[in-house]
Every structure is written in C-alpha cells, then in structure tokens.
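As a plain string of letters, each chain reads:
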Amino acid sequence: MSHVQAGKRQKTRDARTENIDYFQGIDRIEYNNMATVTDTAYYRHYNSGEKILSKDMEEWLKYSVSFTEFKYDGSDAQGRPTFNRQWDDHTNTIDNCKRCIRAFYDFCTKLGVKYWTAFDYDLVPQTDNWEENKSNWDEITDYITEMAQKTQIKLLWMAPDLHSHQRYASGAFTSNEATTFLQAASQIKKCLEVSQRLNAECFLLWPYREGYDAVFQTDVAREIKLFAKLLKITAEYRDRLSYKCQLLLMPYPSFGKNCRSTEIWRPRCDFDSDTLNRYMWDVTSCLYFLKFHSLDRYYKVCSPPGQHVYLAGVYNAFGGVTMTNTFDPSDIKTMTLMLKCIIDQGSAPPGGISLRVLCPRGGTIRDQLAMYINYIDECARGLRVAAAVLAEQVFVKHVQQRYSSYYSGFGARLVSGDVSMEECEELYKKNQAQTEIQSGRRGNYELVFQRYLDACDHV
C-alpha cells in the first residue's frame, strides 16, 4: 500500500476541469466468445447480462477492482518506482488524488466492472492537521459521489489502513501504546462515516500487524482483549450510525504487495512483516476468535480461493473472496469449486470477488487491463463449469448415495437426535453384521470432474 508522507497541501490544477482521455485508443472490454487467442481486448467467457441458473452472470460474480492496487507505482523491496502514469504526479495534493480517482473510474468503466474497493489513506492526502484532514475527506467524498452518479460504479467496501503508518509498527488493535489504540479507533470511526456517506455495502478490517514476535515481552491476554474490544466498538458504532453495511474481516497476512508464496494461510514470518505469531491467520482462527468474543453475529470473513472458502460457507461466515497475483487464474479446478460454493449459497457473498491485481513492474496500462481481463474471464469460465456440473447433478447424486446411511434409521438419529455412547455401542452390536465398506470411487469422479473442466470451452 502506498502511504504518502505528511505535508502541507499543495495547489495544482483542478481535476474537474481536465478532459484528458487517459486510456486513449482503448475501447470498453466487451464479450466475444468467437475472439481468437490473440484478441486480448475481449472477454471470451464473461458476459455480464447472460443468465446462469436464473441470475445474471454479474450478480453471481460481483467483481470489484482495488483502487489501492491501481495506485501501485511499480516499486518493491528491491527496486524503485517504475510507473509514470499520466494522471499521477506523485504529489501529496487533493487534486492529484482526484485525478487518480477519475482515471480509476475510467479504468473500471473500460472493464465493465460495477464495484471498487479502497483503503482510506489511498484516497486523500494525509497531513498532521486534524481539521485539514477532515476538509480533505469532505472534498474527496463529494467528488467520489459525483463520479459514482456519473458512472453508476459503486464503492463495495472501504477499509482503514491500520498497517502502513509507523505508529502501527507494533499493531493497531493490539499496540502496547494506548494512544495508538485511540488513533486506530478514531481512524476507523472516520472511515465508517465516510463509507456511510458513499453508501458502501461493506466495511472491511485487515488486522495485518496484530500479533507478536517475542512472547517474553508481550502481554498476549491483554492484546487479545484489546483486539476484541476494538472489533466490538466498531460494530457498536456502525449500529449507532444506523449504517446497514456488512462488516468483513480479512485475517490472511499475505494479501499485500510482493507476496510470492501460495501457502498464504500458514502462520509464519514473512519478509514484508516482522510479526511472527498472528492472532488471526486463517478462517478457523478467525471464526474461533469471533465466536469466543460473541462477535460472530457482526462479522463475516474474506478468504482467498481454496479450502477456506468452503469452511467459511459451512459456518455461514463467507464474506467474500480476495484474489491477488498469488493466485494463478489458470487453476480452473480451484476456480470452479469456489464458484460452486457461491452457487450453493444461492448468491454472491456480500464482499463479492475482490480483484487486487498488481501490474508487473515493467508493464503498461494495457498490461494491467489484460491481467484483469484474464482474472475476470477465468472466474466466468469457472462459473460456467460449476453451473454445468450442478445442472446435471452427477455429483449431487453421488454425495447423496455416499451418505445414504444417515438418511434413515439409526444414522438419522446420529445427525438429528440425542445419542449417548451406550446407545452407539448397542446400535453397533446390532448392525455390525450389516456393515460393508463402500468405495468412494474417488478416481472415477476425479476423471468425471476433469472432463467437465476439459469441456469448459464448449459449455
């Protein structure tokens, strides 16, 4: 995430008066299933208005594009910024922020995506003056409202940046300094108010630095209480605002820039963070934390594609999918299973599918568009396959057959009734002669599923 150094507001040209076409020569990306492999300016699978299982494709997928990744300047741990975007002069000014926002809305329009997401500090120039920050927020909020009315592109979620500033080096929720907790709470409060003014459907918290490195200098119990306290007062303030948004948590530590590991749910020490042991690192740890502190009625969880999507769905806590460069869009199997989970729920999760895709350091804006087209198209491809699998009910029938012993008799009692250990023993003695181990036929159904995937271009 880019974080602008605090400084006085500088005057530049008014973004409202500019009529520059930042994407000159680039047309809106349309659906064309006859496009050749070299026609990269088309979607081959994503047709936003096409009905899939009685819903428009765009309803199932609910894509959003990240403003934070759009502002990425090409820098990394080993290199300086490489991008020279026409709309961004890298000044800490309100007008530069407006130009970036306007260019971003044009970018979303080209993609045909109706939602976007952002961290708060990427939207406004930050200063050390509270009143100036308030004025900046008012001006930017009015400008975004104007752009939203003009383009019909909505803010899906906003999140407070509680990790990039030096004050949050030891955490925001769990800092050893009480003043840091107060600053984090104040920032969340303002972010919630702005989100409400912009009619954002969700509000996200990312506890990126919440954890500890050395237990001998950490009061873990106190930090966990502080963590729960800030989550609780956030939910309470949302309710006092009468703000009907869905609160989201993104517990995964490696959603940031420059992550190259695919095992992003494993708690470990990353090169881009000095936090070794995190209080949240996956769906399971997050759900336990929320349940223990009676916060599960407020929050749902965002997850990367994969097994944790299915777990969140089972616990009715599936808040959304976050997809970054760490996920290979050509992994059509994982993509299809993720979309099947969404279809099984009956609708897209409130946080939709958040695309946080970085352009390569040597890339152009056309390269960035192409990367988003790839992710959007492959998700749509997975949706088509998942819909075909569910429509033919091959796997539904197989699962019903596998668990048929639980649909009647003592099996049904095990699921829905109270059964003691003694009863289990008695029932086993009576039925052990009937016990026959059934094959799951995994090899056969792996082949069936693979053939669905192989045929996806013809779905």
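Throughout, residues of each chain are indexed from 1 in the direction in which the sequence is written. For this predicted model, a pLDDT threshold of at least 70 governs which residues receive local features, and a threshold of 80 or more governs which side-chain atom pairs are given and counted, while totals over whole chains, interfaces and linings are taken from all residues. The basis for the side-chain values is all heavy atoms of the structure; hydrogens and waters are excluded.

### Re the overall build of the chain
Next, step 1: Helices and strands together make up the secondary structure of the chain, namely 14 helices and 14 strands.
Next, step 2: Each of the 459 residues in the chain was classed as buried or not, and the buried ones make up 50%.
Next, step 3: By definition, residues are in contact when any of their heavy atoms lie within 4.5 Å. Across the chain, the fraction of contacts at a sequence separation of at least 24, relative to all contacts at a separation of at least 6, is 76%.
Next, step 4: Accessibility throughout is a Shrake-Rupley quantity obtained with a 1.4 Å probe, and a residue counts as covered only by protein chains that appear here. Accessible surface, the chain as shown: approximately 22900 Å² in total, 49% of it carbon and sulfur. Secondary structure elements follow DSSP: runs of H or I no shorter than four residues count as helices, runs of E no shorter than two count as strands, and numbering proceeds from the N terminus. Exposure classes here rest on a 1.4 Å probe applied to the protein chains alone. A residue is buried below 20% of its type maximum, exposed above 50%, and partly exposed in between.

### Considering the packing of helix α9 (residues 332–345) against helix α10 (residues 365–392)
Next, step 1: At a closest axis distance of 8 Å, the pairing of α9 and α10 adopts a crossing angle of 60°. Seen from above, α9 lies across α10 with right-handed handedness. Along the contact surface, α9 presents Ile-332, Met-335, Thr-336, Met-338, Leu-339, Lys-340, Ile-343 and Asp-344, while α10 presents Glu-378, Cys-379, Arg-381, Gly-382, Leu-383, Val-385, Ala-386, Ala-387 and Leu-390.
Next, step 2: In this classification, Asp, Glu, Lys and Arg are treated as charged, Ala, Val, Leu, Ile, Met, Phe, Trp, Tyr, Cys and Pro as nonpolar, and every other residue, Gly included, as polar. Tallied by class, the residues present in the contact of α9 with α10 amount to 11 nonpolar, two polar and four charged. Simply put, an axis is a line fit to the C-alpha atoms, just over the touching stretch for a helix, and the angle between two N-to-C directions goes from 0 to 180 degrees. Should the near helix be turned anticlockwise from the far one by less than a right angle, the crossing is left-handed, and should it be turned clockwise, the crossing is right-handed.

### A word on the packing of aromatic side chains
To describe a pair of aromatic rings, one takes the distance between the centres and the angle between the planes.
Next, step 1: Each pair of aromatic rings taken from Phe, Tyr and Trp, with Trp reduced to its six-membered ring, is defined by centres within 6.5 Å and is described as stacked if the planes are under 30 degrees apart, edge-to-face if over 60, and tilted in the remaining cases. In the structure shown here, the tally under the stated rule is 25 aromatic pairs.
Next, step 2: Plain terms: the ring middles of Phe-23 and Trp-87 are 5.5 Å apart, the flat faces sit at 35° to each other, and that makes the pair tilted. Residue Phe-23 is located in the segment before β1 (30–31), and its partner Trp-87 is located in the loop between α2 (67–70) and α3 (94–111); the two are separated by 64 residues in the primary sequence.
Next, step 3: According to the relative accessible area criterion, Phe-23 is buried, its value standing at 1%.
Next, step 4: Residue classification places Trp-87 among the buried residues on the basis of a relative accessible area of 5%.

### A closer look at the confidence of the model for the chain
Next, step 1: A residue's pLDDT is simply how confident the predictor is in it, with values from 0 to 100. For the chain, per-residue confidence averages 87 on the pLDDT scale, and residues scoring 70 or more make up 90% of the total.
Next, step 2: Per-residue pLDDT stays below 50 along residues 1–13; that stretch engages in 41 contacts with residues further than four places along the chain or on separate chains.
Next, step 3: Note on residues 255–273: pLDDT under 50 across the span, and 51 contacts to partners over four residues away in sequence or across chains.

### Description of the pairing of strand β5 (residues 63–66)
Next, step 1: Every second residue of β5 is oriented toward a common face, with Tyr-63 and Val-65 on one face and Ser-64 and Ser-66 on the other, all of them buried.
Next, step 2: Across two bridges, the pairing between β5 and strand β6 (residues 115–119) is parallel. Paired with Ser-66 across the bridge in β6 is Thr-117. Any two strands between which DSSP finds at least two bridges are classified as paired.

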